[in-house]
Amino acid sequence: MKKCLITLFFVTTLVGCQNQEQPEEQTEIPDGASNQNNSNNEKNNEVPDLNQESNNVEQGKQEFKTHSIEGDEEVYLSVEEITENLGGDFEYNSTDKSLTLEIEGREFYFVYEVPVMEVDGVYIPSDEITLKEIDGDPYVSKGFIEQGLETEYTYEEEEELLSFTWEDEVIDAWASTGQTEVDISSLSVSEMVEYLSFLQEPIENASVSTVESHLPGAPRIYRNGYHEGFDWYGYSTGTEITTDTPIRAMADGVVVRVDADFDDYPSHEIRNEDLDVAGEVGYTPEYILDRLRGKQVWVQYEDGVMSRFAHLDSIPEELELGQKVDEETVIGYVGNSGTSGAMDDDGSGLHLHQDLLIYGELFWEPYSLEEAHDILSQLFR
């Protein structure tokens, strides 16, 4: 196209020069011819600018160089480049290895190597989006474009190039999470009990523990942190618990994480390396805390409520990511994965650790330890 325009320009210029060299002749112009010429000029001015149309077509096209990590079949995109090209902002906590990414009013949250994407506080089932770190900077797998931004892309493997169209129509078509965020700090104890009242106990005939160390907010000195959830032990919940004890999904929901291929710490030494990091920074970084939870299943419920079931021994083979579950669905069996008991391989420390979140926030954070226990005891009597 450019070649044609250049040629046309050259020919036009040449003809113009030749015309200038010819002597002027007085020619009588017939009546009406001048008006006709003006009309033709006006029509010529109405001819669309093909260059402008071409630029408009290309305006929304985005191209990104992809990046690879040795030993990883996935390819990744620079988060900094994404926000520079699409607009938005991000904050990367290099200690927690957690990423908050905002694009066009939609907020995404990721934790290093945790196969879960949080969108506006709601967890979305996806096994194709992962946060990685390259030279200290955050990168997300290419699946983020399709599943996070809900935009189809083209990936040219040989050129290591990913491209897609980014226009207002794409953003307008984004699906809503269907949720309305709530300020949990504004809820009284009774209101929080009502908010979570649809949940059934995860272990049949078990009552919530009254042991202080099993409750939310209890200190965890060994990792310079605190207990984010509550524990179900056999000796404190009134029922026998073994690795054959089923854990149920508690209510209607969607499975958003299944650690079917989970690999535990291979030794105490490797686990202690993570604990040493927690000792150095003064708290438990997010990515380490996730690994210490062991084998997990996460279930997203209505109104932004989500449950993390941790330290599982095993998960039913038929349980799948994105599967709809109810209060009778078995999502796993009690274990001790991620704990020191798992390193000793002696079956010690069997229990279910459970976290309850509302739009990404731990439900108990606005309350005292006593109030948190009051909420749990009313929910799971």
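In what follows, the accompanying structure is described. Keep in mind that what you see is a predicted model, and the values were worked out from it rather than measured.

Conventions adopted
- Residues numbered from 1 in each chain as written.
- Predicted model: local features only at pLDDT ≥ 70, side-chain atom pairs only at ≥ 80, totals over all residues.
- Heavy atoms only, no water.
- Helix = DSSP H or I, 4+ residues; strand = E, 2+ residues; numbered from the N terminus.
- Buried < 20%, exposed > 50% of the residue type's maximum accessible area, 1.4 Å probe, protein only.
- Contact = heavy atoms within 4.5 Å.
- Areas by Shrake-Rupley, 256 points an atom, 1.4 Å probe, with all protein chains shown as cover.
- Salt bridge = Lys/Arg side-chain N within 4 Å of Asp/Glu carboxyl O.
- Pairing = 2+ DSSP bridges.
- Core = buried A, V, L, I, M, F, W, Y, C linked by side-chain atoms within 4.5 Å.
- Patch = residues over 30% accessible without salt bridge, like charges linked within 9 Å, V, L, I, M, F, W, Y side chains within 5 Å.
- Lys, Arg positive; Asp, Glu negative; His and termini not counted.
- Charge placed at Lys NZ, Arg CZ, Asp CG, Glu CD.
- Axes fitted to C-alpha atoms, helices over the stretch in contact; angles between N-to-C directions.
- Phe/Tyr/Trp six-rings, centres within 6.5 Å; stacked < 30°, edge-to-face > 60°.
- Lys NZ or Arg CZ within 6 Å of the ring centre and 35° of its normal.
- Arc of directions from axis to C-beta.
- Polar contact = N/O pair within 3.5 Å; in protein donor to acceptor, adjacent residues only side chain to side chain.

Remarks on the overall build of the protein chain
- When you go through the protein chain residue by residue, the secondary structure sums to 12 helices and 23 strands.
- Relative to its 381 residues, the protein chain shows a buried fraction of 43%.
- Across the protein chain, contacts joining residues at least 24 apart in sequence account for 64% of those joining residues at least 6 apart.
- Approximately 21,000 Å² of the protein chain is accessible, and the part contributed by carbon and sulfur atoms is 43%.

Section: unusual backbone geometry
- In the Ramachandran plot, Glu113 falls in the positive-phi region, its phi being about 65 degrees despite a non-glycine side chain.
- Relative to the elements of secondary structure, Glu113 occurs in the loop between strand 6 (106-111) and strand 7 (117-119).
- Given the relative accessible area of 42%, Glu113 is considered partly exposed.
- Although it is not a glycine, Asp135 sits at a positive phi angle of roughly 55 degrees.
- Of note, Asp135 is situated in the loop between strand 9 (131-134) and strand 10 (137-141).

Details of the pattern of salt bridges
- Using the criterion set out here, one finds 15 salt bridges in the structure.
- Across the pair Glu113 and Lys132 runs a salt bridge, and its minimum N-O distance is 2.9 Å. Separated by 19 residues along the polypeptide, Glu113 in the loop between strand 6 and strand 7 and Lys132 in strand 9 bring together distant segments of the chain.
- The shortest N-O distance in the salt bridge between Asp259 and Arg257 comes to 2.9 Å. This pair shows no difference in class: Asp259 is buried, exactly as Arg257 is.
- Among the ionic contacts, a cluster of salt bridges with common partners joins Glu228, Arg257, Asp259, Asp290, Arg293, Arg308 and Asp355.

Brief notes about the pairing of strand 9
- Note that strand 9 and strand 10 share four bridges and pair antiparallel. Residue pairing for strand 10: Lys132 is matched across the bridge by Tyr139.
- Connecting the antiparallel pair strand 9 and strand 10 is a turn made up of two residues, with Asp135 showing a positive phi of about 55 degrees.

Comments concerning the sheet that holds strand 2 (residues 67-68)
- Here four strands make up an open sheet; going across it, the order is 2-3-10-9 and the pairing antiparallel. Unpaired on one side and paired on the other, strand 2 and strand 9 mark the two borders of the sheet.

Overview of the nonpolar core
- Among the nonpolar cores identified, the biggest contains 62 residues, and Met192, Leu196, Leu199, Phe309, Ile358, Phe363 and Phe380 are the most heavily contacted of them.
- Not counting residues up to four positions away in its chain, the partners in contact with Phe380 are Leu199, Gln200, Glu201, Ser207, Val208, Phe230, Trp232 and Met250.

Focus on a negative patch on the surface
- Taken together, the side chains of Glu201, Glu204, Asp252, Glu302, Asp303, Asp326, Glu327 and Glu328 make up a negatively charged region of the molecular surface.
- Mapping Glu327 onto the fold places it in the loop between strand 20 (324-325) and strand 21 (330-333).

Some points on the environment of Val281
- Looking at the element boundaries, Val281 is found in helix 9 (residues 268-281).
- Owing to a relative accessible area of 35%, Val281 belongs among the partly exposed residues under this scheme.
- Distance in space between the C-alpha atoms of Val281 and Asp96 is 10.0 Å, their sequence separation being 185 residues.

Observations regarding the sheet that holds strand 11 (residues 154-156)
- Strand order in the open sheet made by the three strands is 1-12-11, with antiparallel pairing throughout. In this open sheet, the two edge strands, each paired with only one partner strand, are strand 1 (61-65) and strand 11. Strand after strand, the sheet turns through a mean of 20 degrees between neighbouring axes, direction not considered.
- By the bridge criterion, three bridges tie strand 11 to strand 12 (residues 161-165) in an arrangement that is antiparallel. What sits directly across from Thr154, in strand 12, is Ser163.
- Across the face of the sheet, helix 4 (residues 79-86) comes into contact with strand 1 and strand 12 while running at roughly 165 degrees to strand 1.

A closer look at the packing of aromatic side chains
- Tallying each qualifying case throughout the model produces 13 aromatic pairs.
- Here Phe110 and Phe144 contribute two aromatic rings whose centre-to-centre distance is 5.9 Å and whose plane-to-plane angle is 75 degrees, an arrangement assigned as edge-to-face. Taken as a pair, Phe110 in strand 6 and Phe144 in helix 5 (residues 143-148) lie far apart in primary sequence, 34 residues in all. The same class applies to Phe110 as to Phe144, namely buried.
- Linked through ring pairs, Phe64, Phe164, Trp166 and Trp174 together constitute an aromatic cluster.
- Lying over the aromatic face of Tyr112, Lys97 brings its terminal NZ or CZ to 4.4 Å of the ring centre.

Observations regarding helix 12 (residues 369-379)
- Within helix 12, burial applies to Ala372, Ile375, Leu376 and Leu379. Along the long axis of helix 12, the arc covered by the buried residues comes to 95 degrees, so they all point the same way.
- Check the buried side of helix 12 and you find it contacts helix 7 (189-195) and strand 15 (230-232).

Looking at the side chain of His214
- Looking at the element boundaries, His214 is found in the loop between helix 7 and strand 13 (219-220).
- Within the structure, the side chain of His214 is placed 3.4 Å from the side chain of Ser236, a separation counted as a polar contact.
- Those residues in contact with His214 that lie beyond four places of it in its chain are Ser209, His227, Gly229, Phe230, Asp231, Tyr233, Tyr235 and Ser236.

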